[in-house]
Amino acid sequence: MKSPVESWVYQPEYEKMPRNKLLSLQEERLKKIVCYCYENIPVYKRKFKEVGITPDDIKTLNDMEKIPFTTKEDLRTAYPYGMLAVEISEVLELHASSGTTGHPTTCAYTKNDLETWSKAMARIYASAGTKKGDIVHNAYGYGLFTGGLGFHYGALEIGAAVLPIAAGNTERQIRLAKEYGTTILACTPSYAAYLGEFAKEKMTIDPLEELKWKSGLFGAEAWSEELRGKIEEILGLEAFDIYGLSEVIGPGVSVECSEHCGLHVYEDYFIPEIINPATGEKLGKGETGELVLTTLVREATPVLRFRTGDLTSFTREECTCGRTMGRMARILGRADDMFKVRGVKMWPTTVEHALLQVKGASQNYQILLERQEQLDCMTVQVEPEKELFESMGQDLSKLRELSLKIAESIRTMIGVNANVVLVPYNSLPRFEGKARRITDKRGLGIF
Ligand SMILES: [Zn+2]
């Protein structure tokens, strides 16, 4: 990166609220939302009945554990309007999010919900140093996916200009970034890396010299610290990890501050919990488990103890930035992306982290899973970095040396043997939205 941005706090009255005040605010909002869900969403009345509780049993934050979880399956079953707590006439925006299974869930917003969302996104922009006068290059998809509109509303709230370019047409992305002088980049991290690569290779534009991006807000997929380094190097910006999901708000749950040591969760809007995904038990401080979120102010489609399926940890240790809101760790992996190789659980980011330890390996890789003689077999195809690839020529010994180093790094860091195949530079697919890294040919239902 060229230099760190001037990060600032959009709503210090909330983001820096003394912890005891924040806890009372959470408690007051929790009691309110529990009654609200119970009265307005029959699914919750039924769930409460099943475990023998009423809203009166929820008096303090410690009573949270009595509340039954909400799962993606609950939301799918209730599709299209079963989780709606207001009349449809109160709804201003509807999003249908379809998971990997293709069954949609509904996320609706009232006027107040859109305001909350805009404020949450404005806090995120402020963390990344965005001000009036900035031009946001919004390359998240506009449409039913909440990324595009969430980043759009946040920019308007801050008073920054927004270029609603959406994903795709990479050549035009770079051209407009240069011509308009866009300053803040918002997209998936894999697309950010590709934008840099494309500018240099295909358009002979050096992003460090010719583009004005000073910070980037990257999310919607898990990514590694090593990829952050690559993106910052190639684009010259400061990269911020963001987290969110449609079921609770869209983007806008949490973001890193300039310390880059975890993502501050907006605890006045959400109560985060970490549970053991197998038993549902609440885990202690700093332990890694599944993130569960309760929305405290959502009106149209509130959720109580929603199981996100995403793995992380949470800490309330003080942060030097002065925000009092707790921090979640970078997402280890989205539940949907988790896979097992010979019993070892991992995510594409686990592999990315291991391979990017090796000098000369690029961030362009694909994972192929097969079964050979009843055993899992993982092949990782990796492109070497361009300069290295060109300097290697036909020197097979150098290529072999690099692939052995990558295989060794995967073995030591993950504990599995992988076949590493180096492929020519620019031969693997690039992605405009969420990257798809895995091809699983083992057949469904075996694991
Ligand atoms: Zn901080």
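First things first, this report covers the structure right here in the doc. (Residues numbered from 1 in each chain as written. Predicted model: local features only at pLDDT ≥ 70, side-chain atom pairs only at ≥ 80, totals over all residues. Heavy atoms only, no water.)

Turning our eyes to something else, we now look at the layout of surface pockets. Empty space among the atoms becomes apparent when a probe as large as a water molecule is rolled across them. Estimates place the volume of the second largest pocket at around 490 Å³. What lines the second largest pocket is a set of 19 residues, among which Pro272, Glu273, Lys282, Phe314 and Arg316 lie closest to the centre. Within the residue set of the lining of the second largest pocket, elements represented by two or more residues are helix H2 (19-40), strand E10 (270-275) and strand E13 (314-315). Ranked by residues supplied to the lining of the second largest pocket, first place goes to E10 with four residues. (1 Å grid on protein atoms, 1.4 Å probe; cavity = no way out; pocket = protein on both sides within 12 Å on 5 of 7 lines; lining within 4 Å. Points joined across faces, edges and corners; volume = space filled by probe spheres on them. Helix = DSSP H or I, 4+ residues; strand = E, 2+ residues; numbered from the N terminus.)

The next thing to look at is empty space enclosed by the protein. Counted under the stated rule, the structure contains five cavities of 30 Å³ or more. Of the volumes computed, that of the largest cavity is approximately 110 Å³. Leu75, Met83, Thr106, Cys107 and Thr301 are the residues nearest the centre of the largest cavity, which is lined by 14 residues in total.

Right, let's get into the packing of aromatic side chains. A complete count under the given rule lists ten aromatic pairs for this structure. Centroid distance Tyr38 to Phe48: 5.6 Å. Interplanar angle 55 degrees. Geometry classified as tilted. Of this pair, Tyr38 sits in helix H2 while Phe48 sits in helix H3 (residues 42-51), placing them ten residues apart in sequence. Here Tyr38 and Phe48 have matching classes, each one buried. Ring centres of Phe218 and Trp223 lie 5.9 Å apart, and the angle between their planes is 85 degrees; on these two criteria the pair is classed as edge-to-face. Judged by relative accessible area, which is 0%, Phe218 ranks as buried. Members of the aromatic cluster, joined through ring pairs, are Tyr109, Trp117 and Tyr153. In this structure, Arg123 is placed above the aromatic ring of Tyr266, and the distance from its NZ or CZ to the ring centre is 4.9 Å. (Phe/Tyr/Trp six-rings, centres within 6.5 Å; stacked < 30°, edge-to-face > 60°. Buried < 20%, exposed > 50% of the residue type's maximum accessible area, 1.4 Å probe, protein only. Lys NZ or Arg CZ within 6 Å of the ring centre and 35° of its normal.)

Distances from the zinc ion to its protein donors, namely Cys257 (SG), His264 (NE2), Cys319 (SG) and Cys321 (SG), fall within the range 2.1 to 2.3 Å. If you look at the zinc ion, its four donor atoms make angles of 101 to 113 degrees with each other, and the shape they trace is tetrahedral. Read N to C, the donor residues that coordinate the zinc ion are spaced as C-x6-H-x54-C-x1-C. Placement of His264 in strand E9 (residues 263-265) and of Cys321 in the loop between E13 and strand E14 (327-328) is noted, with a sequence separation of 57 residues between them. (Donors = N, O, S within 2.8 Å, 3.2 Å for Na, K, Ca; no water. Tetrahedral: all angles 85-135°; square planar, octahedral: opposite > 155°, others 65-115°.)

Reading across the sheet, the three strands line up as E10-E11-E12 and stay open at both edges, with antiparallel pairing between neighbours. Each edge of the open sheet is held by one strand with a lone partner, namely E10 and strand E12 (306-312). Ignoring which end each strand starts from, the neighbouring axes of this sheet average 30 degrees apart. Direction of pairing for strand E11 (residues 289-295) relative to E12: antiparallel, over a ladder of four bridges. The residue of E12 that forms the bridge with Gly289 is Thr312. (Pairing = 2+ DSSP bridges. Axes fitted to C-alpha atoms, helices over the stretch in contact; angles between N-to-C directions.)

Note that Glu233 resides in helix H10 (residues 225-235). In this structure, Glu233 is in contact with Met1 and Leu208, ignoring residues within four places of it in sequence. (Contact = heavy atoms within 4.5 Å.)

As for its position among the elements, His152 is in helix H6 (residues 146-158). Owing to a relative accessible area of 18%, His152 belongs among the buried residues under this scheme. Sequence-distant contacts of His152, defined by excluding residues within four places in its chain, comprise Asn138, Tyr142, Val162 and Pro164.

Moving on to the pairing of strand E6 (residues 215-218). A two-sided burial pattern is seen for E6, the buried positions comprising Ser215 and Leu217 on one face and Gly216 and Phe218 on the other. Inspection of the sheet shows strand E5 (residues 184-187) paired to E6 by four bridges, in the parallel sense. Paired with Ala186 across the strands is Leu217, a residue of E6. Note that the unit made of E6, H10 and strand E7 (residues 238-245) has a crossover that is right-handed. (Right-handed = clockwise from strand over helix to strand, strands pointing away.)

Two side chains with opposite charge may pair up if their charged atoms get near one another. A complete count under the given rule lists 30 salt bridges for this structure. For Lys178, the salt bridge goes to Glu210, with nearest N and O atoms at 3.1 Å. Separated by 32 residues along the polypeptide, Lys178 in helix H7 (residues 170-180) and Glu210 in helix H9 (residues 207-210) bring together distant segments of the chain. Relative accessible area serves as the criterion here: at 39%, Lys178 is assigned to the partly exposed category. Relative accessible area serves as the criterion here: at 30%, Glu210 is assigned to the partly exposed category. The shortest N-O distance in the salt bridge between Arg442 and Asp440 comes to 3.0 Å. Through salt bridges with shared partners, a single network forms among Glu225, Arg228, Glu256 and Arg330. (Salt bridge = Lys/Arg side-chain N within 4 Å of Asp/Glu carboxyl O.)

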